[in-house]
Amino acid sequence: MPNPFGVLQLSGCAGCEVALLDAQEWIGQRRLAYMPLVLTADEFPPVDTLLVSGAVRTDEDLYRLRAASKRAGELIAVGTCAISGGVANLGDRDEVRDLFFSAMERRHVPRLLPKLRPVDAIVRVDRYLPGCPPMPHLFMLALFGSPDTRLAASVCIDCGRKKTKERPTQLRGLQEGLPDPGICLINQGYLCIGASTRGGCQAPCTKAGNPCVGCRGPSDSFISRSSDEWFNAIRKVFLRMTDIPSEEIERELHAPHLSLFVFQFADYTVTTRRPEQVL
Amino acid sequence: MPNPFGVLQLSGCAGCEVALLDAQEWIGQRRLAYMPLVLTADEFPPVDTLLVSGAVRTDEDLYRLRAASKRAGELIAVGTCAISGGVANLGDRDEVRDLFFSAMERRHVPRLLPKLRPVDAIVRVDRYLPGCPPMPHLFMLALFGSPDTRLAASVCIDCGRKKTKERPTQLRGLQEGLPDPGICLINQGYLCIGASTRGGCQAPCTKAGNPCVGCRGPSDSFISRSSDEWFNAIRKVFLRMTDIPSEEIERELHAPHLSLFVFQFADYTVTTRRPEQVL
Amino acid sequence: MPTLTFPLSRIEGHAQIIIKLTAGEVQHATLQATELRGFEYFLQGVPAEQLPIIVARICGVCSTAHHLAAIKALEAIYQVEPPPAAVYIRELLMLGQLIQNQATSLFLFTMPDFPGSEGLPSMFEFGGDDANIARRALEVRRVGTELIGLAGGQFIHPIRAVTGGVSSPLPEDGVRALRERIASVLPLACELFERYWELFQGLHDRIGTLGDDTPSHYLASVEEGHAYYGGNLRVLDPDGVEQASFAPHEYQRYLTEQPVENSYSNATLFNGHVMRANSLARLNLLPRLGTPIADIYMLRFQREWGHPAHAILLFDLARGIELVYCLEKALEMLEHIPDGEIKAPYTPRDGEGCGVVEAPRGPLIHHFNVVNGLVEKARFIIPTQHNILAIEQALMVAARRYVHGDRIDLELERAVGRVVRAFDPCISCATH
Amino acid sequence: MPTLTFPLSRIEGHAQIIIKLTAGEVQHATLQATELRGFEYFLQGVPAEQLPIIVARICGVCSTAHHLAAIKALEAIYQVEPPPAAVYIRELLMLGQLIQNQATSLFLFTMPDFPGSEGLPSMFEFGGDDANIARRALEVRRVGTELIGLAGGQFIHPIRAVTGGVSSPLPEDGVRALRERIASVLPLACELFERYWELFQGLHDRIGTLGDDTPSHYLASVEEGHAYYGGNLRVLDPDGVEQASFAPHEYQRYLTEQPVENSYSNATLFNGHVMRANSLARLNLLPRLGTPIADIYMLRFQREWGHPAHAILLFDLARGIELVYCLEKALEMLEHIPDGEIKAPYTPRDGEGCGVVEAPRGPLIHHFNVVNGLVEKARFIIPTQHNILAIEQALMVAARRYVHGDRIDLELERAVGRVVRAFDPCISCATH
């Protein structure tokens, strides 16, 4: 089979791999040459496309990433962890870090690096496939899509809830109350950031009544800019649609579950990531 | 044989081990239970005395030190590297460190720790045997000596060169000229710091015409104090015996070959080291 | 004195086996987990209400279990009971989780170990009459993720369950469509499992053992007719007698966690004993499951290997029986989705609470302390951790079988792979 | 796919052997150096005149070699020739270095490998007629350190040699005393070496090989009657023909250094070829040494194994011949210490320079760039690095001998130890 591809899993949750297995249509079309989750292979083989999921957390991650990237044509960083380090970034506070490292350095195991790193801090990345995890059809696009595929610009477009004239005056908690099934979650006072979050996911979360947490990262206009600009865009949406005080929005935007995703692009790397690199 | 002892070599030059082999009189008196340099042993065995040489540089050093110290009665830190990190401390300048780590992290090997550490930064140390390396008779004292052995207070006392009324007005380079064999090196303008360096070495360097670089560390009075106080003591000696400008002394005291040893005690640890712990 | 290191594949996450010999004797056999993210550390200070979203990221394979265990722990703190209709949806979510996981473990992870004298590198390499195994296995597996997607809103890191219930009812058309899908996949799953059983027997004939069969303690949180939603934790002793049954919040009286020097994963002990969790533990606790086809397989299993059964490779077959059970059970449950409230009101409050679910690998406990609405302490007792010492014990049995004083038989390489896969460890979870 | 890791003992420093198998085939055999201090980095910016003191700390086993190589490199930069009387003292220093090292390597490192079917853990375990080997071997060894102490001022990290010469003449009473010590120790050394040779033959009979005997390139900086002070670097080709001879500062035209992925030590190649340095390289280059007893051993050696000889365990015997040679040579030289100037005047200047000595493990090159009196660049080409690829080649030969498709013969463990010790690597030096 032509166009072998490989999947290198660094420190992450394997959710991206599970999503790829769900995208089973690639079977018989491209050869899966490396993916230890489902395949016993010794050394990393030459591949046309290398999907990297997970963040660089241990020295083994670092070494395997360097070694594999040398044998790969195109390299695609897949998922939040590969793109920005992901959930473990929540530990990047001094007091937690110190505690963590002093407990862990007592063990006789491959070492943790002093800091969690995204993939493109170590090797060149050609494309980015954001999502936590990316949906199976996005994997198919990454493996087979034409470069000019256009996905929905934002989650709002995928969502389909109706916007109303309702102007809530205060935020509702993430899990508070029972949302009305047909109406825009912002109109119901939920902090949904789907309006400026990259589309293409088909909005499963908002459809099931949960506010979008932005796992696909910012839409094209913000990819190469700082997260502050994304924050501004989100604030403006709420200013336009609600009477919720801006400080309240501001505070909640820095909540951990959002910061997981909101910092996904510009803030975690010295490399500029261009919109055309992002699926 | 009673009183087994072990030698754990961390990152260093093995000079301390070679010195111990020269102190061959211990053979038949105490059982050497662990010393990979000369002995194949699998796990670290229980020992009455553990000599540790070398500094904690890699994660393996860290692990082996922790594991061995748990099985040891008394722990003696031996030599400059174990006491203060030693020669590799010269690399503790930002520009050199960065270069060094970025070159080395490319290799697939046990990891270097971000910072070189002396032994007592990791585990409790009962006694210190300074010297680079300590002379064989000092090892015999460490293994068999009574706690109230008194060594020469300073290298000057071991040296035997005659002090004169000669007052040099400038420092001579470390390797400059040919020193007169019988006269104090300070009177000849050499930066010899034997006057406040711990004795007991029998002064081989000064006897061979080389200024003392302080490898045995400060004499008792300065052990628990900062290196600044040792510097002051050295400056005072030169003020009393020479007309060399104090700034010149000051500058040279921070030269790398001296700083290797001068910082040996108080500056590299949070632990206070007491004179009675030092051989 | 040499150390043998075996990298592992076809398991979730990064781990390797380390076997240490001295003078031709096996000294240690270790499962070394080599990854770590540090959830127990970095969750400190996080708002409690966000836990169900964040902790799902502990594992993409078992995210459903973490999502629900966290919600149940918060409900214990807030003292709120979710309404039955919500619990029903959550149970469907767990069945989806199990179908997905057991199909993956059976067909993608362990089945390639069986054919021929050396096994195959992956499911994709089956040839001859078996050439279509991969496609069919993935088809069965996908039904599991579809069920998670339906019941959880998302197929990985689900979001429909919320503290107090679920955020929306199931869409009726989705329920109908999935019922049909499961009905069409169930016979396929049985066929594949029959073939699996045959190949398994072939392996047994070749190697002459099913691995460590030391009678052991077993831990599970199940009872007849259960849907992996978790309740009391039950312990079977090596003779098959139930020795303890305790509520999640009592776990510290029975289970102790110990750090493992050579691994980022801790290990759990039951009253100081090595124990086992996962499929075989559940089947040893439940002589019958309560669905027709699964119970036929149960009979066959018990006739062949007894009850309780102890040989570790039987964990593999037990997962197959559970796969069938979960498909049957889900089909049954999708027939009558109950009406009624889906969310109970509650007031967030501070406190301490535990939640348990029966995850694919055994009981998963989340334990939180909440102060001022923020997590002060988060602790995760992970099913794979319950099995760590049992895995190492089984590795020793295998290593001693294949190390003979002056030489090492390289069947050892395949043996350690089979041992580990029998326990289907999840390293992301175990280290978290 | 498993990896075998063998820890190493009875060598200088921290290293281990890693052998990787795939499907029962040996893929790689690596000597992994696991320590590093970073001299080439942290010497940047250090005053050049301090190098002889600081670089001695690269290695406590070969500090004499580093001390002198640095001084010779500085003398090349300052364009100063040390007077003959100073060179004479430095040569004595090198002989002391060699006596100490070869005695250690012979009796403490390799000799315990020979007796019985498994060898002994250490020299201290010899029993029966051999029970007094340890004491006698340490006696021989100590004469080497005494000679370093006499000629170098200190027995480790010597200080008597200085740029331009030496800092003081040798004390006459010390010279006299040492001459007597060496005279008394020489017969002891010969006795021990005879016993060594016997045990060595016993090992050969037992294992039926002396290891990798591929004809190879050899590198050394010696000529007849030398005292390891170093001069031109000479290369023998695998047929025993001298293929190159070059000055230290020309080394970059012949020797290339390459990083080794799995080690902190680089490896050196001669014009792209694997080569060998250390004792056997020197004996292959020098058909006779020039002292009476050593030359008798040389004849016996050549009669038995030919010239050039290639089997790697012969490095061990070659070290024994050199031990005898150095004792004889030192005795001879201590008879007539020359008078005359011991230090030449010089003016420090900036520039680039190389210095070489023939260290126990082969040619050691120091290469410095000095700008404004400070080190801009320091490079160390280490003898053990010359041997890295030869060691790995010999490890492959051993691994293929003891790995048979489906099993591993654990004689491999002892074999890799013998292979590495034959090259007597110094890991502190190799990584520096």
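Residues numbered from 1 in each chain as written. Chains lettered and ligands numbered in written order. Predicted model: local features only at pLDDT ≥ 70, side-chain atom pairs only at ≥ 80, totals over all residues. Heavy atoms only, no water.

Visitor: Explain the sheet that holds strand 3 (residues 47–53) of chain B to me, and be specific about the residues and the numbers.
Guide: All names here are of chain B. Strands sit in the order 2-1-3-5-7 across an open sheet of five strands; the sheet is parallel. Unpaired on one side and paired on the other, strand 2 (32–34) and strand 7 (127–129) mark the two borders of the sheet. Averaged over neighbouring strand pairs, the angle between their axes works out to 30 degrees when direction is ignored. Taken strand by strand, helix 5 (residues 136–144) contacts strand 1 (5–9), strand 3, strand 5 (72–78) and strand 7, and its axis lies near 165 degrees from that of strand 7. (Pairing = 2+ DSSP bridges. Helix = DSSP H or I, 4+ residues; strand = E, 2+ residues; numbered from the N terminus. Axes fitted to C-alpha atoms, helices over the stretch in contact; angles between N-to-C directions. Contact = heavy atoms within 4.5 Å.)

Visitor: Could you give an account of the domain arrangement of chain A, naming the residues involved and the relevant values?
Guide: Residue and element names in this part refer to chain A. Per the domain assignment, the segments of chain A are domain 1 (5–148) and domain 2 (155–266). Taken over C-alpha atoms, the centre of domain 1 sits 27 Å from the centre of domain 2. Taking both partners together, domain 1 and domain 2 bury about 1100 Å²; carbon and sulfur atoms supply 69% of that area. Sorting the residues of domain 1 by area buried against domain 2 places Thr80, Leu90 and Pro130 first, and these three jointly supply 36% of that buried surface. Counting across the interface, domain 1 meets domain 2 through three residue pairs in polar contact (both at pLDDT 80 or more). Sorting the residues of the side of domain 1 that touches domain 2 by element identifies helix 3 (79–84), strand 7 (127–129) and helix 5 (136–144) as the ones contributing at least two each. When residues of the side of domain 1 that touches domain 2 are assigned to their parent elements, the largest contribution, four residues, is made by helix 3. Looking at the side of domain 1 that touches domain 2, its residues break down into nine nonpolar, six polar and no charged. (Domains from an automatic or database assignment. Buried area = accessible area lost by both parts, 1.4 Å probe. Polar contact = N/O pair within 3.5 Å; in protein donor to acceptor, adjacent residues only side chain to side chain. Nonpolar A, V, L, I, M, F, W, Y, C, P; charged D, E, K, R; others polar.)

Visitor: Tell me about the sheet that holds strand 7 (residues 233–236) of chain C, and please be specific about residues and values.
Guide: Residues and elements named next belong to chain C. Spatially, four strands are ordered 8-7-6-11 in an open sheet, and the strand pairing comes out mixed. Strands with a single pairing partner mark the edges of an open sheet, and in this sheet they are strand 8 (242–246) and strand 11 (275–276). As paired elements, strand 6 (residues 217–220) and strand 7 share three bridges and run antiparallel to each other. Within the sheet, the bridge partner assigned to Ala220 lies in strand 7 and is Arg234.

Visitor: Any chance you could break down the interface of chain C and chain A for me, citing the residues and the numbers?
Guide: Across the contact, 68 residues belong to chain C and 63 residues belong to chain A. Taking both sides of the interface into account, the surface hidden between chain C and chain A amounts to around 5600 Å²; carbon and sulfur atoms contribute 60%. For the pair chain C and chain A, the number of links is two salt bridges. Note that Arg141 of chain C is salt-bridged to Asp22 of chain A, the shortest N-O span being 2.8 Å. It is helix 5 (residues 133–152) of chain C that contributes the most residues to the side of chain C that touches chain A, six residues altogether. Among the residues making up the side of chain C that touches chain A, the classes are represented as 30 nonpolar, 24 polar and 14 charged. (Salt bridge = Lys/Arg side-chain N within 4 Å of Asp/Glu carboxyl O.)

Visitor: Outline the side chain of His226 of chain C, listing residues and values.
Guide: Residue and element names in this part refer to chain C. Residue position: His226 is located in the loop between strand 6 and strand 7. The class for His226 is buried, based on a relative accessible area of 9%. Residues within four places of His226 in sequence aside, it is in contact with Leu286, Tyr325 and Lys329. (Buried < 20%, exposed > 50% of the residue type's maximum accessible area, 1.4 Å probe, protein only.)

Visitor: Please give an account of the pattern of salt bridges that cites residues and values.
Guide: Enumeration according to the criterion identifies 76 salt bridges over all chains in this entry. Across the salt bridge formed by Glu358 of chain C and Arg282 of chain C, the nearest N and O atoms sit 2.8 Å from each other. In this pair, Glu358 of chain C is assigned in strand 12 (residues 351–359) and Arg282 of chain C in helix 8 (residues 279–285), connecting sequence segments 76 residues apart. For the pair formed by Glu358 of chain C and Arg282 of chain C, the shared burial category is buried. Each of the salt bridges in this network shares a partner with another, and the network as a whole consists of Glu25 of chain A together with Glu139, Arg142, Glu146 and Arg181 of chain C.

Visitor: Which residues make up the pairing of strand 3 (residues 47–53) of chain A, and what values do they have?
Guide: Residues and elements named next belong to chain A. In terms of burial, strand 3 is a largely internal element, six of the seven residues being buried. As paired strands, strand 1 (residues 5–9) and strand 3 are joined by five bridges and run parallel to one another. Bridging across to strand 3, Gln9 finds its partner in Ser53. Relative to strand 5 (residues 72–78), strand 3 is paired through six bridges, and the arrangement is parallel. Opposite Leu50, over in strand 5, you have Leu75 as the bridge partner.

Visitor: Before we move on, can you summarise the interface of chain D and chain C with the specific residues and values?
Guide: Where interface size is quoted, it is often the accessible area lost as the parts come together. Contacts between the two partners involve 16 residues from chain D and, on the opposite side, 16 residues from chain C. Buried area between chain D and chain C, both sides added, is near 1400 Å², and the carbon and sulfur share of it is 63%. Taken together, the links from chain D to chain C amount to five residue pairs in polar contact (both at pLDDT 80 or more). Elements with a minimum of two residues in the side of chain D that touches chain C: strand 1 (3–7) and strand 16 (407–409) of chain D. A per-element tally of the side of chain D that touches chain C places strand 1 of chain D first, with five residues. Per-class residue counts for the side of chain D that touches chain C are eight nonpolar, four polar and four charged. Examined bridge by bridge, strand 16 (residues 407–409) of chain C and strand 16 of chain D share three bridges and lie antiparallel to one another. Along strand 16 of chain D, the bridge assignment pairs Ile408 of chain C with Ile408 of chain D.

Visitor: Provide a residue-level description of the environment of Gly373 of chain D, including the pertinent values.
Guide: All names here are of chain D. When you line up the elements, Gly373 lands in the loop between strand 13 (362–371) and strand 14 (374–381). Taking the relative accessible area as the measure of exposure, Gly373 reaches 31% and is therefore partly exposed. For the pair formed by Gly373 and Val46, sequence separation is 327 residues and the distance between their alpha carbons is 8.5 Å. Not counting the four nearest positions on each side in its chain, Gly373 is found in contact with Val46, Pro47, Ala48 and Asp350.

Visitor: Describe the packing of helix 10 (residues 314–335) of chain C against helix 12 (residues 411–423) of chain C, listing the residues and the values that go with them.
Guide: The geometry of a pair of packed helices is captured by two quantities: the angle between their axes and the separation between those axes. Residues and elements named next belong to chain C. Between helix 10 and helix 12, the least distance of the axes is 8 Å, while the angle of their chain directions is 40 degrees. Judged by the twist between their axes, the crossing of helix 10 over helix 12 is left-handed. Here Phe315, Asp316 and Arg319 of helix 10 lie close against helix 12, whose contacting residues are Arg421, Ala422 and Phe423. (Left-handed = near helix turned anticlockwise from the far one by under 90°.)

Visitor: Residue-level account of unusual backbone geometry, with values.
Guide: With omega at -5 degrees, the peptide bond leading from His307 of chain C into Pro308 of chain C counts as cis. Structurally, Pro308 of chain C can be placed in the loop between helix 9 (292–305) and helix 10. One non-glycine residue with positive phi stands out, namely Ala23 of chain C, at about 50 degrees. Turning to its location among the elements, Ala23 of chain C is positioned in the loop between strand 2 (15–22) and strand 3 (25–33). Classification of Ala23 of chain C as exposed rests on a relative accessible area of 68%. One non-glycine residue with positive phi stands out, namely Asp424 of chain D, at about 45 degrees.

Visitor: Give a description of the relation of the copies chain D and chain C that names residues and reports values.
Guide: The transform that puts chain D on chain C rotates by 180 degrees and translates by 0.0 Å along the axis, for an RMSD of 0.0 Å. Taken together, the rotation angle and the small translation identify this as a two-fold axis. When the interface residues of chain D are mapped onto chain C, 100% of them are again interface residues, pointing to one common binding face. (Least-squares fit on C-alpha atoms with pLDDT ≥ 70 in both.)

Visitor: Describe the state of the cysteines, with residues and values.
Guide: Working definition of a disulfide: a covalent bond connecting the sulfur atoms of two cysteines. Residues and elements named next belong to chain A. Taken as a whole and judged by the stated rule, the model has zero disulfides over all chains. The closest cysteine sulfur to the non-disulfide-bonded Cys132 is located on Cys215, 5.8 Å from its own sulfur. A relative accessible area of 8% means that Cys132 is categorised as buried. Sulfur of Cys159: no disulfide; nearest cysteine sulfur belongs to Cys156 and is 6.5 Å away. On the basis of relative accessibility, which here comes to 15%, the residue Cys159 falls in the buried class. (Disulfide = S-S within 2.5 Å.)

Visitor: For the packing of aromatic side chains, give the residues involved together with the corresponding values.
Guide: All names here are of chain C. A complete count under the given rule lists 38 aromatic pairs over all chains for this structure. For the ring pair Phe200 and Trp305, a centre distance of 6.3 Å and an interplane angle of 80 degrees mean the geometry is edge-to-face. Here Phe200 is found in helix 6 (residues 172–207), whereas its partner Trp305 is found in helix 9, with 105 residues between them in sequence. Each member of the pair, Phe200 together with Trp305, is buried. With a centroid separation of 4.1 Å and 10 degrees between ring planes, the pair formed by Phe246 and Tyr254 is classed as stacked. Side by side, Phe246 and Tyr254 carry an identical accessibility label, which is buried. Clustering of aromatic rings is evident, with ring pairs tying together Phe107, Phe114, Phe193, Tyr196, Trp197, Phe200, Tyr297 and Trp305. A cation over an aromatic ring shows up here: Arg300 above the ring of Trp197, its NZ or CZ 4.2 Å from the ring centre. (Phe/Tyr/Trp six-rings, centres within 6.5 Å; stacked < 30°, edge-to-face > 60°. Lys NZ or Arg CZ within 6 Å of the ring centre and 35° of its normal.)

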